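# Examination of the molecular architecture
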Amino acid sequence: MSHQHDTFHDDGPPIVQLQAAVKALDEYVHHVVPPSSVPTPPPQPPPSTPSRLSPIQLFARQEFVNARWKDLSKAHIAVCGLGGIGALAAESLVRAGVGRIFLVDHARVDLSALAEMTFRPEDVGCSRTQALRLRLRSLNASTDVDSFTADFTNTWDLRELRKKLKISSVVQPSQTPSTPGDASSFGLFEALTQKRPYDALLCCVDSEEAQLALNQICLELSLPLLVASLSPCNTRISVRMVLPGHTCCLECIQCAEKDRGDTVDTHVMDEVAKSLARAFPASLPHVELLAGGLLAQSTLRFLLEVGDVVPFIAMNVLTMEMDSFSFPPHPACRNEICNQRQAELRPPQ
């Protein structure tokens with residue numbers, strides 16, 4: 001040990017002293033424990049990556065998924081608005097085996113979002129897109145989950161979002177079969193489901209301005225749009241499907257509702273139920289759960305062409321009554337693109 005101490009000099013800068021001390025320690029260890037006596041650890045196998053399980057393996061108890069999971073694995077869905085409704089709908093679609101989910105929002109998770117059944121306390125402060133993307137990837141590794149942070153009222157963000165959703169080819173009028181307003185064939189629009197990167201866009205935002213902006217993008221891209229919303233008192237759920245040229249867009253559906261008298265009935269119902277809704281504020285997460293389930297169910301029926309896809313579903317949460325309507329495009333729509341899509345499908349004179 002004296003030899004090692006002789007090689008260490010307590011002078012010079014601190015870094016030199018430290019280097020000398022380390023060298024002396026190495027020499028001592030080498031002298032006491034020869035390198036040949038140190039056992040060599042066995043080589044460790046590389047860490048195995050988890051296999052990408054198919055929905056059949058993940059959800060083997062669901063016979064419906066077993067039969068159609070290949071169709072779902074090819075589906076691409078964009079979800080705009082990741083509040084209670086959007087996050088729950090996205091999770092339901094991932095659990096069903098949808099191949100790709102594109103999440104769009106600009107808000108962050110705050111404490112109030114913890115009542116929405118999807119986010120966790122450790123997500124507070126993170127962006128909604130980041131928190132939900134990590135959760136969905138953990139639920140089903142077979143689903144590709146992408147995200148984009150965008151404010152739906154910001155012109156630049158909407159322009160970038162449109163680029164990401166843009167179709168690769170223009171749908172020709174001859175490629176779009178059936179008659180506008182024919183609810184029995186809504187799931188048979190091959191031209192609306194084959195030649196673009198996304199099969200549908202789900203709108204789950206509350207702002208009417210944001211809804212109209214997404215409506216405009218979907219009209220321009222001939223992209224099916226499904227909109228889920230709650231009435232001001234959370235007593236009424238509505239799920240609307242906009243198939244450009246075939247059904248009412250959001251700018252002309254108000255005219256159709258007014259013709260049917262639905263707007264007046266909704267207003268009266270909300271006024272009567274206002275006190276009850278205020279008395280049970282904790283029911284909001286459950287109402288959002290119902291809305292998210294209806295939206296996910298409507299999306300799956302549209303993707304797999306199961307049953308009749310109805311363009312308008314309304315549910316009274318207080319009475320649990322459900323109505324459905326079929327609205328053709330309104331001839332007096334003020335949106336020029338909507339009128340153009342209608343003209344493309346109009347039979348020649």
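Preceding this section is the structure that the text describes.
Residues numbered from 1 in each chain as written. Predicted model: local features only at pLDDT ≥ 70, side-chain atom pairs only at ≥ 80, totals over all residues. Heavy atoms only, no water.

## Topic: the pattern of salt bridges
Test applied: Criterion for a salt bridge: a side-chain nitrogen of Lys or Arg within 4 Å of a carboxyl oxygen of Asp or Glu. For helices the rule is a DSSP run of H or I covering at least 4 residues; for strands it is a run of E covering at least 2, with both sets numbered from the N terminus onward. Burial classes: relative accessible area under 20% of the type maximum marks a residue as buried, over 50% as exposed, and values in between as partly exposed (1.4 Å probe, protein chains only).
Tallying each qualifying case throughout the model produces 10 salt bridges. Here Glu-91 ties to Arg-135 by a salt bridge, and the two come within 3.1 Å at their closest N and O atoms. On the criterion of sequence distance, the pair formed by Glu-91 in helix 5 (residues 84-96) and Arg-135 in helix 6 (residues 128-139) is long-range, its members being 44 residues apart. On the accessibility criterion, Arg-135 (19% relative accessible area) is buried. Close ionic contact of Arg-128 with Asp-105 constitutes a salt bridge, the shortest N to O distance being 3.6 Å. Of this pair, Arg-128 sits in helix 6 while Asp-105 sits in strand 2 (residues 100-105); the two residues are 23 residues apart in sequence, bridging distant segments of the chain. Residue class for Arg-128 comes out buried when judged on its relative accessible area of 15%. A network of salt bridges, in which partner residues are shared, links Glu-91, Arg-95 and Arg-135.

## Looking at the packing of aromatic side chains
Note the cut-off: Centres within 6.5 Å are what make two rings of Phe, Tyr or Trp a pair, Trp counting through its six-membered ring; a difference in plane orientation under 30 degrees is then read as stacked, over 60 as edge-to-face, and the rest as tilted.
Applying the stated criterion across every chain yields a total of 1 aromatic pair. Residues Phe-102 and Tyr-198 carry aromatic rings whose centres are separated by 5.7 Å and whose planes lie at 35° to one another, so their mutual orientation is tilted. Taken together, the residues Phe-102 in strand 2 and Tyr-198 in the loop between helix 8 (190-193) and strand 4 (200-203) connect sequence positions 96 residues apart. Accessibility classification places Phe-102 together with Tyr-198 in one group, the buried group.

## What about a nonpolar patch on the surface?
As a reminder of what qualifies: Exposure above 30% relative accessible area and the lack of any salt bridge qualify a residue for a patch; like charges then connect within 9 Å, and the nonpolar side chains Val, Leu, Ile, Met, Phe, Trp and Tyr within 5 Å. Only the protein chains shown count as cover for residues, with accessible areas throughout obtained via the Shrake-Rupley method and a probe of 1.4 Å.
Where nonpolar side chains cluster on the molecular surface, the patch consists of Leu-111, Leu-114 and Val-124 and spans about 250 Å² of accessible area. Following the sequence through the fold, Leu-111 ends up in the loop between strand 2 and helix 6.

## Things to note about helix 6
Residues that lie three or four places apart on an α-helix share one face, since the helix turns once every 3.6 residues. For the record, the criterion: Helix span, expected: 1.5 Å multiplied by one less than the number of residues in the helix.
With 12 residues, helix 6 extends 17 Å between its outermost C-alpha atoms, agreeing within 8% with the 16 Å of an ideal straight helix rising 1.5 Å per residue. Within the sequence span of helix 6, burial applies to Arg-128, Thr-129, Ala-131, Leu-132, Arg-133, Arg-135 and Leu-136.

## Quick word on the packing of helix 7 (residues 155-165) against helix 9 (residues 208-221)
How we decide: Working convention: axes come from line fits to C-alpha atoms, limited for helices to the stretch in contact. Angles between N-to-C directions cover 0 to 180 degrees. For any pair of crossing helices, the crossing counts as left-handed if the nearer helix is rotated counterclockwise from the farther one by less than a right angle, and right-handed if it is rotated clockwise. Residue contacts are counted whenever heavy atoms from the two residues lie within 4.5 Å of one another. Any residue that is not Ala, Val, Leu, Ile, Met, Phe, Trp, Tyr, Cys, Pro, Asp, Glu, Lys or Arg is counted as polar, Gly included; the first ten are nonpolar and the last four charged.
Running from N to C, helix 7 and helix 9 point in directions that differ by 35°, and their axes come no closer than 11 Å. The element helix 7 and its partner helix 9 pack so that their crossing is right-handed. Along its contact with helix 7, which presents Leu-158, Leu-161, Arg-162 and Leu-165, the element helix 9 presents Ala-213, Leu-214, Ile-217, Glu-220 and Leu-221. Residue classes in the contact of helix 7 with helix 9 are distributed as 7 nonpolar, no polar and 2 charged.

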